[in-house]
Amino acid sequence: KYYASVRAELNKEYEDSVNSTIDDRFWRYVVDNAEFKELPQSEIDNYYNTVIATMENMFYNGGYQQYYQTFDSFAASYMSVASNENWKDVLKADAVESVKQKLSFYYVIRECNYIPNEEEYQALYNEMYDKMLQSYLDYYGVDSSSADYETKKAAAIEAINSEYDEDYWRENIQYEYGMKKIRSHAKVTYK
């Protein structure tokens, strides 16, 4: 049983590594070869502001103030910027890159008709939601044998529903579905 579990874990790590390599190369190729007439500034601003809000929440509410003297030093560390770079410039470049990838992705899935039908969408939604719920329960150490399991499960469901909206699920489901289709055409070779 131990060897089987180790083999399963190694196979999962291998599959994740291959998928990550395919995804990275695919997006690098698509974005590098795409022509963008205009990028929606609102999307760039939204990405930028969302990351700023996340960093501010972590710094001011997540206890990171005890490790960093200033928000800027925390942000530079969070963004993994080199000492000669400005984290705001790096974040702006990341925002532009993210919007380019998003636009490219939606173009590819529309052109290739890699959009899940209602049944496929619902199956992926259920799978992703269940994984997220289990991850919440695992994080807080809640298992089905505990006396207050149903109460804690209901609280986790409420937290998930308040944090993630329909747009989040739609984007992630379309991404997973589309990338699975795209990966099915990849040929992986080793040198």
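**Here we look at the overall build of the protein**
- Each helix and strand in the protein was counted, giving 7 helices and 0 strands.
- Secondary structure elements of the protein occur, N-terminal to C-terminal, as α-α-α-α-α-α-α.
- Reported as C-alpha extents along the three principal axes, the dimensions of the protein are approximately 55 × 50 × 40 Å.
- The contacts of the protein with a sequence gap of at least 6 include a subset with a gap of at least 24, amounting to 71%.
- Total accessible area on the protein is roughly 14,100 Å²; 48% of this is exposed by carbon and sulfur atoms.
- The averaged location of the 34 negative side-chain charges in the protein is 7 Å from the averaged location of its 20 positive side-chain charges.

**Thoughts on helix α1 (residues 2–33)**
- Compared with the 46 Å implied by 1.5 Å per residue over 32 residues, the 46 Å span of α1 between its first and last C-alpha is a close match.
- Among the residues of α1, Val18, Ile22, Asp23, Phe26, Trp27, Val30 and Val31 are the ones counted as buried.
- On the buried face of α1, the contacting elements are α4 (87–111) and α7 (166–183).

**Description of the layout of surface pockets**
- Counted as a void, the largest pocket has a volume near 550 Å³.
- If you trace the largest pocket, you find 17 residues lining it, with Asn46, Tyr47, Ser98, Lys102 and Glu171 closest to the centre.
- If you list the elements that add at least two residues to the lining of the largest pocket, you get α2 (41–61), α4 and α7.
- A per-class count over the lining of the largest pocket returns 8 nonpolar, 6 polar and 3 charged.
- Along the walls of the second largest pocket sit 13 residues, with Leu124, Glu127, Lys131, Glu176 and Arg183 positioned nearest its centre.
- Those elements that place two or more of their residues in the lining of the second largest pocket are α1, α5 (118–139) and α7.
- Considering each element in turn, the lining of the second largest pocket owes the most residues, 6 residues, to α7.

**Side note on the packing of aromatic side chains**
- Per the counting criterion, the structure on display carries 22 aromatic pairs.
- Ring centres of phenylalanine 59 and phenylalanine 71 lie 5.7 Å apart, and the angle between their planes is 70°; on these two criteria the pair is classed as edge-to-face. Of the two residues, phenylalanine 59 is situated in helix α2 and phenylalanine 71 in helix α3 (residues 71–78); the sequence distance between them amounts to 12 residues.
- By relative accessible area, phenylalanine 59 is classed as buried at 3%.
- For phenylalanine 71, a relative accessible area of 14% puts it in the buried group.
- Aromatic pair tyrosine 60 and phenylalanine 71: ring centres 6.0 Å apart, planes at 10°, arrangement stacked. With a gap of 11 residues between them, tyrosine 60 in helix α2 and phenylalanine 71 in helix α3 connect regions that are remote in the sequence.
- Taking relative accessible area as the criterion, tyrosine 60 reaches 45% and is therefore assigned partly exposed.

**Remarks on the nonpolar core**
- Within the largest apolar cluster, 16 residues are counted, with the highest numbers of intra-cluster contacts made by Ile52, Met55, Phe71, Met79, Trp87 and Leu91.
- For this core, the secondary structure elements donating two or more residues are α2, α3 and α4.
- In terms of residues, this core owes the most to one element, α2, which gives 6 residues.
- Judged by nonpolar contacts, the second largest core, of 15 residues, contains Val142, Trp169, Ile173 and Tyr177.

**Points about α7**
- In this model, α7 (18 residues) spans 25 Å end to end at C-alpha, consistent with the 26 Å of a helix rising 1.5 Å per residue.
- On its buried face, α7 sits against α1, α4, α5 and α6 (149–163).

Definitions and limits used
Residues numbered from 1 in each chain as written. Predicted model: local features only at pLDDT ≥ 70, side-chain atom pairs only at ≥ 80, totals over all residues. Heavy atoms only, no water. Helix = DSSP H or I, 4+ residues; strand = E, 2+ residues; numbered from the N terminus. Contact = heavy atoms within 4.5 Å. Areas by Shrake-Rupley, 256 points an atom, 1.4 Å probe, with all protein chains shown as cover. Lys, Arg positive; Asp, Glu negative; His and termini not counted. Charge placed at Lys NZ, Arg CZ, Asp CG, Glu CD. Expected span 1.5 Å × (residues − 1). Buried < 20%, exposed > 50% of the residue type's maximum accessible area, 1.4 Å probe, protein only. 1 Å grid on protein atoms, 1.4 Å probe; cavity = no way out; pocket = protein on both sides within 12 Å on 5 of 7 lines; lining within 4 Å. Points joined across faces, edges and corners; volume = space filled by probe spheres on them. Nonpolar A, V, L, I, M, F, W, Y, C, P; charged D, E, K, R; others polar. Phe/Tyr/Trp six-rings, centres within 6.5 Å; stacked < 30°, edge-to-face > 60°. Core = buried A, V, L, I, M, F, W, Y, C linked by side-chain atoms within 4.5 Å.

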